[in-house]
Amino acid sequence: MAFSSLATPSSSSPSSSFTLPTKPSPGAGSLSFSRASTGKFRMAAVRAEAVDTSISPRVSALRPSKTMAITDMASALRQAGVPVIGLAAGEPDFDTPAVIAEAGINAIRDGSTRYTPNAGTMELRKAICNKLQEENGLTYSPDQVLVSNGAKQCITQAVLAVCSPGDEVLIPAPFWVSYPEMARLAGATPVILPTSISDNFLLKPESLASVITEKSRLLILCSPSNPTGSVYPRELLEEIAAIVKKYPRLLVLSDEIYEHIIYHPAKHTSFAALPGMYDRTLTVNGFSKAFAMTGWRLGYLAAPKHFVSACGKIQSQYTSGASSISQKAGLAALNLGYAGGEAVATMVKAFQERRDYLVSSFRELPGVKISEPQGAFYLFIDFSSYYGSEVEGFGTIKDSETLCMFLLEKAQVALVPGDAFGDDKGVRISYAAALSTLQSAMEKIKDAMALLKAPAAVQ
Ligand SMILES: Cc1ncc(COP(=O)(O)O)c(C=O)c1O
């Protein structure tokens, strides 16, 4: 991976910072170079078998994903025989629709098993262009589309392609866990813009306006949102666009991966389709969520050509094109019709039923605040009125993390602490699980919450 623009010690000559020990220490078998925290190399006498285990500052700055941590903990408990209900993962519980899976199988049988062009097959990129035209009102040509191994790769490459060290990436919170880390990976600084549950976790235009500086390079919007399920109404996006327009350096990354998982009457608006935004918007979408294709690893970016070329350059030296088999399956997914046709509509209907069940159930819990999600398959619940509660045999519920630990221990339900998403007041519950699973999780959560001190009245 070529990250030569990032701050690394490689540009300074190692020989200029060598320090030779005056007297080799006993047992020293050889000399080796180690990287000090300053980023300079030092030569030290060490035992022959010692290995320099230092990790690059770029990676050391990254934080591990907390969604993974809680999922791993839940799996460990399950392996130990504890019947944990996992509502932490961000993937649909449905199988990939059969016609899509068949297309993948046929791709293998028909010999579509070789490298594809780096940017993706022409037939898939053309199909993506048609989809963007018909469903989003966006006109792109195939050379403005880059197919990658999942939307995650698209976003990482986009951030690396447009951000330089010192730039700021503006991220409304609660945010998808990876955005700030992607900014850090690029040497940029994530600037977190808190939102409020009373505003349905939507970014206020004045809050955006108050943080923009000449360093602001990228605003990341996610609608429908992970982790809140909020959907930005068109009028609000227009207000945001009016602010963005004033700053020529500011680009927008619009993460639209949950586009199809949206509940009536909410409507999806592509940011790039707003007047004046086409030239500065990088639109990311993918197949994982709407088509239940998380394991196929397929996503795409559509943007002005020079941004797509830059992202393609990274991809060409990094992974090359996405799986040839997945691309055939992706084509079949786009052939399902408008917004994924019946297959996707059936899944969305099930998600909506579960959302309705959870929203009404959590509303019965005293002291809990909810903003009804309009899309995706997450509910972000404000439990903060319970913080400070003492539980016998457990300790104090201090924050979202201790609350999730408590619920894992007492209710055997795995949720994700809001802290991971930049909002410690809440906890994310994923309703990508059967209604019956949600019903038993809800009973257990209610029983566990009853052990906590009744919260102060919530306004
Ligand atoms: C908001 C958001 N964007 C992007 C992704 C990445 O999706 P994938 O890499 O599976 O296409 C996810 C997955 O959890 C997500 O929630």
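Structure first, text after, so check above.
Summary of the structure given here. (Residues numbered from 1 in each chain as written. Predicted model: local features only at pLDDT ≥ 70, side-chain atom pairs only at ≥ 80, totals over all residues.)

**Quick notes on the nonpolar core**
Core analysis: the biggest nonpolar cluster contains 125 residues, and Ala158, Val159 and Leu301 have the highest contact counts within it. Broken down by element, the residue count for this core peaks at eight residues, all from helix H5 (residues 151–162). Non-local contacts of Val159, meaning those with residues more than four positions away in its chain, are made with Val169, Met182, Ala183, Ala186 and Leu218. (Core = buried A, V, L, I, M, F, W, Y, C linked by C-beta atoms within 7 Å. Buried ≥ 20, exposed ≤ 12 C-beta atoms within 10 Å, placed from the backbone. Helix = DSSP H or I, 4+ residues; strand = E, 2+ residues; numbered from the N terminus. Contact = placed C-beta atoms within 7 Å.)

**What about the packing of helix H11 (residues 341–363) against helix H13 (residues 435–449)?**
Between H11 and H13, the least distance of the axes is 10 Å, while the angle of their chain directions is 10°. Here H13 runs roughly parallel to H11, going by the angle between their axes. Crossing handedness for the pair H11 and H13: right-handed. Residue-level contacts link Glu353, Arg354, Tyr357, Leu358 and Ser361 of H11 to Leu435, Leu438 and Met442 of H13. (Axes fitted to C-alpha atoms, helices over the stretch in contact; angles between N-to-C directions. Parallel < 35°, antiparallel > 145°, perpendicular 65-115°, else oblique. Left-handed = near helix turned anticlockwise from the far one by under 90°.)

**Some remarks on the sheet that holds strand E11 (residues 369–370)**
Here four strands make up an open sheet; going across it, the order is E11-E12-E17-E16 and the pairing antiparallel. Across the chains shown, the open sheet's two edge strands, defined by having one partner strand only, are E11 and strand E16 (416–417). Sheet topology places strand E12 (residues 378–382) next to strand E17 (residues 426–430); five bridges connect them, and they run antiparallel. For Leu379, the partnering residue across the bridge sits in E17 and is Ile429. Across the sheet, H11 is in contact with E11, E12 and E17; its angle to E12 comes to roughly 10°. (Pairing = 2+ DSSP bridges.)

**Some points on the site of the ligand**
Contacts to the ligand come from 13 residues, most closely from Gly150, Ala151, Lys152, Gly286 and Ser288. Its residues assigned to classes, the shell around the ligand shows four nonpolar, seven polar and two charged. (Near = placed C-beta within 6 Å. Nonpolar A, V, L, I, M, F, W, Y, C, P; charged D, E, K, R; others polar.)

**Quick look at the pairing of E17**
Along E17, five of the five residues are buried, which leaves the element largely enclosed by surrounding structure. Burial along E17 is two-sided: the face carrying Gly426, Arg428 and Ser430 and the face carrying Val427 and Ile429 are both buried. When E16 meets E17, the two strands line up antiparallel, connected through two bridges. Residue pairing in the sheet places Val416 in a bridge with Arg428 of E17.

**Looking at helix H9 (residues 305–318)**
Compared with the 20 Å implied by 1.5 Å per residue over 14 residues, the 20 Å span of H9 between its first and last C-alpha is a close match. By the burial criterion, the buried members of H9 are Phe307, Val308, Cys311, Gly312, Ile314 and Gln315. Seen along its axis, H9 keeps its buried residues to an arc of 160°; they face one direction. Exposed residues on H9 whose side chains face more than 90 degrees from its buried face are His306 and Gln317. Structurally, H9 contributes buried residues whose contacts are with strand E4 (145–148), H5, strand E9 (281–286) and strand E10 (299–302). Two residues or fewer past H9, Ser320 is found with a positive phi of approximately 65°. (Expected span 1.5 Å × (residues − 1). Arc of directions from axis to C-beta.)

**Concerning the pairing of strand E8 (residues 251–255)**
Buried residues dominate E8, accounting for five of its five residues. Along E8, one buried face is formed by Leu251, Leu253 and Asp255 and the opposite face, lined by Val252 and Ser254, is buried too. Relative to E8, strand E7 (residues 216–222) runs parallel, the two being bridged by five bridges. By the bridge assignment, Ile220 is partnered in E8 with Leu253. Handedness of the E7-helix H8 (residues 234–244)-E8 crossover: right-handed. Bridge count for E8 against E9 is four bridges, and the pairing is parallel. The residue bridging Ser254 from the neighbouring strand is Thr283, located in E9. (Right-handed = clockwise from strand over helix to strand, strands pointing away.)

**A word on the sheet that holds strand E5 (residues 168–173)**
The seven strands are arranged E4-E10-E9-E8-E7-E5-E6 in an open sheet whose pairing can be described as mixed. If you trace the sheet from one side to the other, it starts and ends with E4 and strand E6 (189–194), each paired once. Ignoring which end each strand starts from, the neighbouring axes of this sheet average 20° apart. Here E5 pairs with E7 via three bridges, running parallel. Looking at the pairing, Glu168 lines up with Ser216 of E7. The strands touched by helix H4 (residues 122–136) are E4 and E10; relative to E4, the strand with the most contacts, the crossing angle is about 115°. Set on the sheet, H5 makes contact with E4, E5, E7, E8, E9 and E10; between it and E9 the angle comes to about 160°.

**Topic: the environment of Lys410**
Among the structural elements, Lys410 can be located in helix H12 (residues 400–411). With 34 residues separating them along the chain, Lys410 and Lys444 place their C-alpha atoms 8.1 Å apart. Ignoring any residue separated from it by four or fewer positions in sequence, one finds Lys410 in contact with Ala448 and Leu451.

**Describing the packing of H12 against H13**
Pairs of packed helices are described in terms of their axes, by the angle between the two and the distance that separates them. The contact between H12 and H13 brings their axes to 9 Å, and the two run at 110°. Here H13 runs roughly perpendicular to H12, going by the angle between their axes. Where H12 approaches H13, its residues Phe406, Leu407, Lys410 and Ala411 are matched on the opposing element by Lys444, Ile445, Asp447 and Ala448. Residue classes in the contact of H12 with H13 are distributed as five nonpolar, no polar and three charged.

**A short note on the environment of Ser148**
Structurally, Ser148 is set in strand E4. With 163 residues separating them in the primary sequence, Ser148 and Cys311 have C-alpha atoms 9.8 Å apart. Look past the residues within four positions of Ser148 in its chain and what remains in contact with it is Gln153, Cys154, Gln157, Gly299, Tyr300, Leu301, Gln315 and Ala322.

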